[in-house]
Amino acid sequence: MINVIGAGLSGISAAITIAKCGKKCNLFSVQPSERAQSVLAEGGINAALDNMGEGDTVEEHFLDTMKGGVFLEDEQTIKDFTAAAPDIVMKLKALGVPFHLNGDKIAQRNFGGQKKKRTAFSKSSTGKVIMTALIDEARKYEDKGFIARFPHHEVIDLSISGGAFCGVTVRDIYTGRTAEFFGATILCVGGMNGIFPEVTTGTTQNNGNVQSIAFSKGVEFSDLEFIQYHPTTIAVADKRMLVSEAARGEGGRLFTVKNGKPWYFMEEKYPVLKNLMPRDVVSRECYLAIHDGQTDGKVYLDLTGLPEEVKRDKLSDLFEEITAYKSIDPSVTPVPVEPGIHYFMGGISVDKGHRTNVKGLYAAGECASIYHGANRLGGNSMLGAIYGGTVAAKTAVDENYECAATDNGSHELPFGYAERADGSPSFNKKLRDILFDGLGIIRDEKGLISSLEKVEKLISETKNETEMARATLGKAMILSAIERKESRGAHYRADFPEQSEEYKAKSTAVFSGGEIVIKFKKA
Amino acid sequence: MAIFIEILRTKNSDKQYFETFLYEPFGDGDTIATALKKLNEREELKDVDGKAAEKIEWECSCLQKKCGSCAMVINGRPRLACDAKISEFKGKVRVEPLKKFPVVCDLTVDRSILFANLKEMKSWVPDEKEAIINGKEIQYESSRCLQCGCCLEICPNFYSGGKFFGMAAGALTSRLISELPKGERDEIAKAYKKHFYAGCGKSLACKDVCPAGIDTEKLLVNSNAVAIWKRKSK
Ligand SMILES: Cc1cc2nc3c(=O)[nH]c(=O)nc-3n(C[C@H](O)[C@H](O)[C@H](O)COP(=O)(O)OP(=O)(O)OC[C@H]3O[C@@H](n4cnc5c(N)ncnc54)[C@H](O)[C@@H]3O)c2cc1C
Ligand code: SF4
Ligand code: SF4
Ligand code: FES
């Protein structure tokens, strides 16, 4: 029995793969798959299908991914990843995902950091419609007895001993009862957006606690300094709402008002890719435009000139959403936008087979750090979640890991009652503000050291284990950013503005003997 | 403007009871979800009379009406809390759990029946190798269903555990009914007839209430044409 923790794109892909191999798994999630962050994914999924007559190739997808990620990932890993994409998208089609079609072929749109139309989509609801099809597919294997769903069950602890994985402690949120499940485990718990409550585009479900616990128990993390700010988000109550990159892929233009006139800064500065430069570049430029001094201090996304067919057909859902939440009709008025935290390139360190440094523990999806380097290309993370979940599952099935602590890895403790000491909202917000200050779009030593001191103080003041673990993971993010004394992708240091060959390596962070150790590992 | 929020609760009690809180919105965009979140974040939660109150149990996830998590009954109508702006309500609003599902605690209900019903209907592609017909508006609409349960709450014919599975199942399975090739869709069509068609009174209360704005009528008409009258799918 394999335990899969998280039922978004990566978790559900892992569960389906395990089932197809004829093995059984438990699928745990805080809420059912229908409510996972993956359903929010908007703009699309990348694959070099070359359906738009531009002569796109897997090789170019590979190169764009390496370039977008600023050459941190292992080449062969990215070759395999991009080569798998067309088959993944065609399989989704065979499961009935209603991709937008061009004739009888899947249509593809432009996305950031990629010259050719490579992103398959369904309006601006691609994640939702893919999840619907995969949930149906998982249901088939649930019916056959291969997948056991635990859809209101939160993992509250991990048990690791001597570098080997034992099991997870799970709490049934509806009853409060807890139980342990032993054996090989795949973590698919999504991004660390919960470390930054209310200021990301993600969900409240991904609270970052599993990652915090894993880190404090010695699981190696990597590239924690790379946090993706999406250039076009809007503040709504309790979160940042994403305006998909598809809006620019379909022709949206960014501008600010300088000396009373619109200034299309992306088009002026980057004449080739223009508004579709990789996200790290666009976000930085938006930040600079906002702080330019001669502008009105705002950035706008102009969608007014989009063809009627795009407004009506390809982006109707996005237009409706903006109108509903901001009372702005984007077809007549440019939308004020700002960069906001959107994705974590860093996370649990995994090898090509998605193994962590702990035997029997695997990780996939946004919680794992692989494929995206210093900056993720839009459309590559749904792909990474599906591909990663599949690879992790195959490795776990092949290795057939058995936990030393129990007889066959499926032993269950009798249910008991336990109240988990959750982090308090006020602590979580304090931590967020400290990290947010240090880990902004533009960073420097002074700001980072100041955040470091504040995090250390915060850690010394709490006795709550969850809070301590969260702050320790936050501290590792800061330390990783301090140690990378260069600028690369999403990590921009005002005091080290150049890219340096010396740091062409993934940073790793391990908590060991009460200390956080940061190292750099060449691909 | 401050507002009284009257919440139907169960915490620490065998019976449901109302507890009222005073809430001062932070901004125009505040929703019932914002209010519930902010009330729970108070260092000491007190009701309107200053009596100490327990944290309010409820579910949310996306906070932008895309996940269906926060469905509840607001002033008598099933809605998503993250889509119910405080500014809509004058002075007072009543918030209750969905009534067609067992209450877990306060506003959290157990909607497992939604998924059990879909399993019963065999809502899946039987053989992924067979040619699927893609890209139709019906499939897109159907795929957007949040499984929130608002349509079941309003439906005069649905009750949990009954043979009629309601629009949550009807909407979701209309994707498969419209896209599976003939021969592949027999089972799902049969299940549709038994668990949806036979029980649906076509009042379309579900259409008005669906927070995803799904045109349930369009889905129902198409599924009836294909599954019952053996006509071609739109
Ligand atoms: C608004 C938005 C738009 C996006 N658009 C795109 C796009 O167009 N293209 C693209 O490629 N990517 C996009 N992304 C990114 C992409 O959607 C995600 O990276 C991807 O879906 C992550 O999938 P996942 O399986 O890793 O995790 P998630 O879908 O986040 O799922 C995490 C799962 O873990 C579970 N979990 C968390 N904690 C626990 C716990 N303690 N115990 C048990 N379970 C737990 C949750 O319940 C959930 O089921 C977008 C993201 C956002 C937020
Ligand atoms: S049309 Fe009426 S009876 Fe049929 S599902 Fe909708 S609300 Fe229920
Ligand atoms: S049809 Fe609409 S109301 Fe019913 S479950 Fe789906 S999204 Fe919710
Ligand atoms: S929280 Fe997702 S719909 Fe309200």
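How each quantity is defined
Residues numbered from 1 in each chain as written. Chains lettered and ligands numbered in written order. Predicted model: local features only at pLDDT ≥ 70, side-chain atom pairs only at ≥ 80, totals over all residues. Heavy atoms only, no water. Helix = DSSP H or I, 4+ residues; strand = E, 2+ residues; numbered from the N terminus. Rg over C-alpha atoms; globule rule 2.2 N^0.38 Å. Buried < 20%, exposed > 50% of the residue type's maximum accessible area, 1.4 Å probe, protein only. Contact = heavy atoms within 4.5 Å. Areas by Shrake-Rupley, 256 points an atom, 1.4 Å probe, with all protein chains shown as cover. Lys, Arg positive; Asp, Glu negative; His and termini not counted. Charge placed at Lys NZ, Arg CZ, Asp CG, Glu CD. Pairing = 2+ DSSP bridges. Salt bridge = Lys/Arg side-chain N within 4 Å of Asp/Glu carboxyl O. Polar contact = N/O pair within 3.5 Å; in protein donor to acceptor, adjacent residues only side chain to side chain. Near = heavy atom within 4 Å. Nonpolar A, V, L, I, M, F, W, Y, C, P; charged D, E, K, R; others polar.

S.K.: Run through the overall build of chain A, naming residues and quoting values.
M.R.: When its secondary structure is counted, chain A shows 14 helices and 25 strands. The C-alpha atoms of chain A give a radius of gyration of 22 Å, which matches the 24 Å a tight globule of 523 residues would have. Based on the C-alpha atoms only, the size of chain A along its principal axes is roughly 70 × 55 × 45 Å. Within chain A, the fraction of its 523 residues that count as buried is 66%. Across chain A, every contact between residues at least 6 apart in sequence was considered, and the portion connecting residues at least 24 apart equals 71%. Total accessible area on chain A stands at roughly 18000 Å², and carbon and sulfur atoms take up 51% of it. For chain A, the separation between the mean place of its 63 positive charges and that of its 69 negative charges on side chains is 2 Å.

S.K.: Before we move on, could you go through the pairing of strand β10 (residues 164–172) of chain A and cite the residues and values that matter?
M.R.: Residues and elements named next belong to chain A. Of all nine residues in β10, eight are buried; the element is thus mostly enclosed. Taken together, the eight bridges between strand β9 (residues 153–161) and β10 define a ladder with antiparallel strand orientation. The partner of His153 across the bridge, within β10, is Asp172. Two successive antiparallel strands, β9 and β10, enclose a turn made up of two residues, where Gly162 displays a positive phi of approximately 55°. Strand direction decides the pairing type here: β10 and strand β11 (residues 177–182), joined by five bridges, are antiparallel. Counted as the bridge partner of Gly167 is Phe182 from β11. Remark: four residues form the turn of the hairpin made by β10 and β11, two consecutive strands paired antiparallel; Gly176 in that turn has positive phi of roughly 85°.

S.K.: Now, about the pattern of salt bridges: what can you tell me, with residues and values included?
M.R.: One pass over the structure, following the stated rule, counts 62 salt bridges over all chains. Members of the salt-bridge network, linked through shared partners, are Glu73, Asp223, Glu225, Arg484, Glu486, Arg488 and Lys506 of chain A.

S.K.: Would you mind going over the side chain of Arg493 of chain A in detail, with residue names and values included?
M.R.: All names here are of chain A. With respect to the helices and strands, the residue Arg493 is situated in the loop between α14 (465–483) and β24 (506–512). Within the structure, the side chain of Arg493 is placed 3.1 Å from the backbone oxygen of Ile482, a separation counted as a polar contact. Setting aside its immediate chain neighbours within four residues, Arg493 contacts Arg443, Asp444, Glu445, Leu448, Ala481, Ile482, Arg484, Lys485, Glu486 and Ser487.

S.K.: Give me the lowdown on the site of ligand 2, citing residues and values where you can.
M.R.: As a structural note, the neighbourhood of ligand 2 is formed by 13 residues, with Cys155, Cys200, Ser203, Leu204 and Cys206 of chain B the closest of them. For the shell around ligand 2, the per-class residue count stands at nine nonpolar, three polar and one charged.

S.K.: Go over the sheet that holds strand β7 (residues 119–120) of chain A with me, naming the residues and quoting the values.
M.R.: Strand pairs in the sheet, formed through backbone hydrogen bonds, run parallel or antiparallel to each other. All names here are of chain A. The three strands lie next to each other as β3-β7-β6, forming an open sheet whose pairing is antiparallel. The sheet is open, and its two borders are formed by β3 (45–46) and β6 (108–109), each paired with just one other strand. Bridge analysis of β3 against β7 gives two bridges, and the strand direction is antiparallel. Bridge assignment links Ile45 to a residue of β7, and that residue is Ala120.

Don't take any of this as a statement about function, it's just geometry.
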